[in-house]
Every structure is written in structure tokens, then in C-alpha cells.
Amino acid sequence: MMDEVTRRAWAYISRVAEPPNPLLADLVASVGVTAAADRIRRRDVDDTLKRATEARYGIDSAEQDLGTLDRMGGRLLTADDDEWPYLAFTCFDGANREKRPQALPPLALWVLGPSRLCDVTERSAAIVGTRAATAYGEYVAADLAAGLVERDVAVVSGGAYGIDGAAHRAALASDGETVAVLAAGIDVPYPAGHSALLHRIGRNGLVVSEYPPGVRPTRRQFLARNRLVAAFGGATVVVEAGVRSGAANTASWAKALGRPVGAVPGPITSSSSVGCHALLDARAKVITRAADVVELVGRIGELAPDIARPVARLDELTDEELAVYESLPGRGSRTVDEIAVTAGLPVADVLGPLTMLDVRGLVTQVDGCWKLVKR
């Protein structure tokens, strides 16, 4: 159990610099969170970190932030907690920090909800997409989410309008696990129109943020948040997206973190499908059903079943049987000799296939001639 001094230090560190900050993370790792918070207050840090914390080091609202968290029934998670998703965050270890300096796990997470984050992220998929979703996109997102929770896969998304909201709602309606990763404090319902939805997620799943209470979202925070959506999902599926969109950015993070990426194809006439088709050009997996996603995030050997295909009456015929069948006219009948000529087979080789076709109910003999059985 975290003592109150340490808890307040984590709350202070969570606000003092815009996350993720590698210098702040290194300082906490080397001296501990309590000493790190003290050194920042005393300005006993290097010039780069001093500049990064200059605007906020004198703002210590840890007591108020934790009070808000406690009133909401939430918790502050760090790497010292059993619930910390260690396995999910190992994806940051292999990321290229030169190309993506933000490829860092969070220092702390503000969490609301009954589920355990470490358990949920063991088997999960992120479903993301445009806010300006079409009816097609919302239907597909809901269908995928419902299919995933039916297979015990948690649905991760960003709580936004459009595809995110459709995925969250479908997961809740199916009594499944869902995680909303916010770019604002967990007490800030954003978007405001999803206040009730986020409240339901907080009661039945998880609402997660690396930003302390009261923080309003900015574009920079959305982009930083997207790395956590990608990290929490064992795979990221983009349902609908423009060429430049938050969903495309999340997919880019997933690739950078070594996570599989899938995309749902859409109408070529829809601007909301352009981003998905670009991902498919970049060899994202084509996603058409929940089983495709399970194949990406499931256990070894957990493969998607073959797609059911309609069975025709002629599918199981041998080549000779099919040749004999197709030598019969649509109307009228033919003798065995005529069938042999049309089929290009010796007469002796026609009798056996005719008998088998008769047994299958495909042909019948009338007055010494053979004709098709109409259905």
C-alpha cells in the first residue's frame, strides 16, 4: 500500500511536466519519486528538465487532485502496483527512441473502474476510427466489438465520437470489458456528449488517463494518448479514418511498438475509408469480422475459422461426373452415345458417372435416355 507522502509525490510528478518526459522518467528511476519531487521543487535538476518544469513546479495541487480521485472512487497506479500492466508496456522497450522520443510508458496512471488494468490488457484489441463515422463504419465497429467481447477480448478505444463511441457502447451492451483512454483528466468528460457513456465505462470497465484531474485536452495530448491506446491493445484495428487522423496516428504508434495493425476496407467513394485503404497498401491485415482480430491478439494456435461458403449441388462431383453432367442439355434428353461424344469420354466411362449422378438425384433415365432433374 502506497503511503500518503509517496502518493502525493506521484500526484505532483504527474502534473509538473507534460508527459511523457524522458528526463523526468530518468530522474524518478534514479532517485525515487519522493526525492525527485523534492529536487524539482528546489530546482536541483539539470537545465533541460528545469525548463520543462519551469511553468508548473510551483503548482502543487496534489492534495486537491487526490481528493478528486478519492471522491470519484478512482486510484493512482504506478509501476509499484500489482495492477500495473507490465506486459503491455514491454512494447516500449523495443521502440526506436530516436525516431519517437515519446515512446515511453507513463510514470503514473489515473484510473477509474472495477476492472484490473493488468488483466484487461492481457487479451485486448484497440478499435479506433474517425469521429465523422458513417453508418457503415459505426455498424462495423459495433459488430467487431460485440464479437470480440464474446470471445473474451477487451475493447480499448479513446472515448471519442464516431467509431470509438460505437465500439465502447457495443462492448458494454454485450457485458464485455472496455477501456477508455482519455487525453484529459478522468473527471473531465470529453467530449461532453459522451459524459454518460464515460460514466458507464467507469462503472463497468476502466477509464484511464496519464493526466491528473482537471486537465483539458489539447492536440498534443491526444497524440501522446494514442501511444497508450496502441500499447493497451494487443492489436489496433482502424475501422474508418481519413489520411491524416488520430486513428492513423494510433495505427502508426502500434506499428512502432511492434503491435499488429488491421484495417477495415470501405467504399472507395468514402473519404472516411481513405486512411484504411492507405494502411492496407502498407500491408495492414484486412479485417472483416471479429475472428480476424482474435487471430491477431489470441493465443498461439487460436486461428480464425474458415469463412462459411455456400455449397452448390455440383461441388462434390468428380471431374468425370461433372463432364457427364454438363453434357446433358438444359431441356430434353440424350442417349449414352450422345453423352459420350459431348463429354469426350468412352461410352464405358460414361455409365459409372451417370449411375452416381442418378444416386445423387441430379439426373434420371427416361425411355433409355438421360435427362437432368429439375429443381
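Please refer to the structure higher up on the page.
Please read these numbers as outputs of a predicted model, since none were measured by experiment. The residue numbers shown here count from 1 along each chain, following its written sequence. Given that this is a predicted model, residues contribute local features only at a pLDDT of at least 70 and side-chain atom pairs are listed and counted only at 80 or more, while totals for whole chains, interfaces and linings are drawn from all residues. In computing side-chain values, all of the structure's heavy atoms are included and hydrogens and water are not.

Draft legend 1. The state of the cysteines, seen in detail. The rule for a disulfide is simple: a pair of cysteine sulfur atoms within 2.5 Å. Within the structure shown, the criterion is met by 0 disulfides. Cys 91 carries a free sulfur, and the closest cysteine sulfur to it, the one in Cys 118, is 15 Å from it. Only protein chains enter the area calculation, which uses a 1.4 Å probe; residues under 20% of their type maximum are buried, those over 50% are exposed, and those in between are partly exposed. We classify Cys 91 as buried; its relative accessible area is 7%.

Draft legend 2. Spotlight on the pattern of salt bridges. Whenever a carboxyl oxygen of Asp or Glu lies within 4 Å of a side-chain nitrogen of Lys or Arg, that contact is scored as a salt bridge. Within this structure, the stated rule accounts for 16 salt bridges. One salt bridge in this structure joins Arg 7 and Asp 70, with 2.6 Å as the shortest N-O distance. With Arg 7 in helix α1 (residues 4–16) and Asp 70 in helix α5 (residues 62–72), this pair connects stretches of sequence that are 63 residues apart. A salt bridge links Arg 43 to Glu 54; its shortest N-O distance comes to 3.4 Å. Secondary structure elements follow DSSP: runs of H or I of four or more residues count as helices, runs of E of two or more count as strands, with numbering from the N terminus.

Draft legend 3. Here's a closer look at the nonpolar core. For this analysis, a nonpolar core means a set of buried residues of the types Ala, Val, Leu, Ile, Met, Phe, Trp, Tyr and Cys, connected via side-chain atoms within 4.5 Å. One finds Phe 89, Phe 92, Leu 109, Val 208, Phe 232, Val 238 and Leu 257 to be the most contacted residues of the largest nonpolar core, which totals 36 residues. The greatest single-element share of this core, amounting to 5 residues, is contributed by helix α11 (residues 219–232). Should any heavy atoms of two residues lie within 4.5 Å, those residues are considered in contact. Among all residues touching Phe 89, those that are not within four sequence positions of it are Trp 84, Pro 105, Pro 106, Leu 109, Leu 228, Ala 231 and Phe 232. Residues Ile 13, Ala 37, Ala 180 and Leu 182 belong to the second largest nonpolar core, which totals 31 residues.

Draft legend 4. Looking closely at the packing of helix α15 (residues 319–326) against helix α17 (residues 348–359). Here an axis means a line fitted to C-alpha atoms, over the contact stretch when the element is a helix, while the angle between two N-to-C directions is reported on a 0 to 180 degree scale. It is the contact of α15 with α17, at a shortest axis distance of 9 Å, that shows an interaxial angle of 85°. If you check the angle between α15 and α17, you find them roughly perpendicular. In this structure, α15 uses Glu 320, Glu 321, Val 324 and Tyr 325 to contact α17, whose residues at the interface are Val 350, Pro 353, Leu 354, Met 356 and Leu 357. Following the grouping adopted for this structure description, the nonpolar residues are Ala, Val, Leu, Ile, Met, Phe, Trp, Tyr, Cys and Pro, the charged ones are Asp, Glu, Lys and Arg, and the polar ones are all others, Gly among them. The residue inventory of the contact of α15 with α17, partitioned by class, reads 7 nonpolar, no polar and 2 charged. Oblique is the label for any angle not under 35 degrees, not over 145, and not in the 65 to 115 range, which are roughly parallel, roughly antiparallel and roughly perpendicular in turn.

Draft legend 5. Region of the structure containing the packing of aromatic side chains. Planes of paired rings set the category: under 30 degrees apart is stacked, over 60 is edge-to-face and the rest tilted, where pairs are Phe, Tyr or Trp rings (Trp by its six-membered ring) whose centres lie within 6.5 Å. Under the criterion given, the structure shown has 4 aromatic pairs. When the centroid spacing of 5.9 Å and the interplanar angle of 50° are considered together, the rings of Phe 89 and Phe 92 count as tilted. With relative accessibility at 5%, the residue Phe 89 sits in the buried group. A residue is classified by how much of its surface remains accessible, and Phe 92, at 0% relative accessible area, is buried.

Draft legend 6. Geometry of the layout of surface pockets. Here a cavity means grid points, on a 1 Å grid over the protein atoms only, where a 1.4 Å probe fits yet cannot get out; a pocket means an open set of points with protein on both sides within 12 Å along at least five of seven lines; lining residues are those with an atom within 4 Å of a point. Grid points are joined across faces, edges and corners, and a volume is the space filled by probe spheres set on the points. Of the pockets and cavities examined, the largest pocket occupies roughly 480 Å³. Looking at the largest pocket, it is lined by 29 residues, and the ones nearest its centre are Ala 25, Trp 84, Pro 105, Pro 106 and Leu 107. Mapped onto the lining of the largest pocket, the elements with two or more residues apiece are α1, α2 (22–31) and α6 (86–89). The leading source of residues in the lining of the largest pocket is α2, at 6 residues. Looking at the lining of the largest pocket residue by residue, the classes come out as 20 nonpolar, 4 polar and 5 charged. The volume enclosed by the second largest pocket comes to roughly 400 Å³. Contributing to the lining of the second largest pocket are 20 residues, with Arg 131, Asn 226, Ser 245, Gly 246 and Ala 247 lying nearest its centre.

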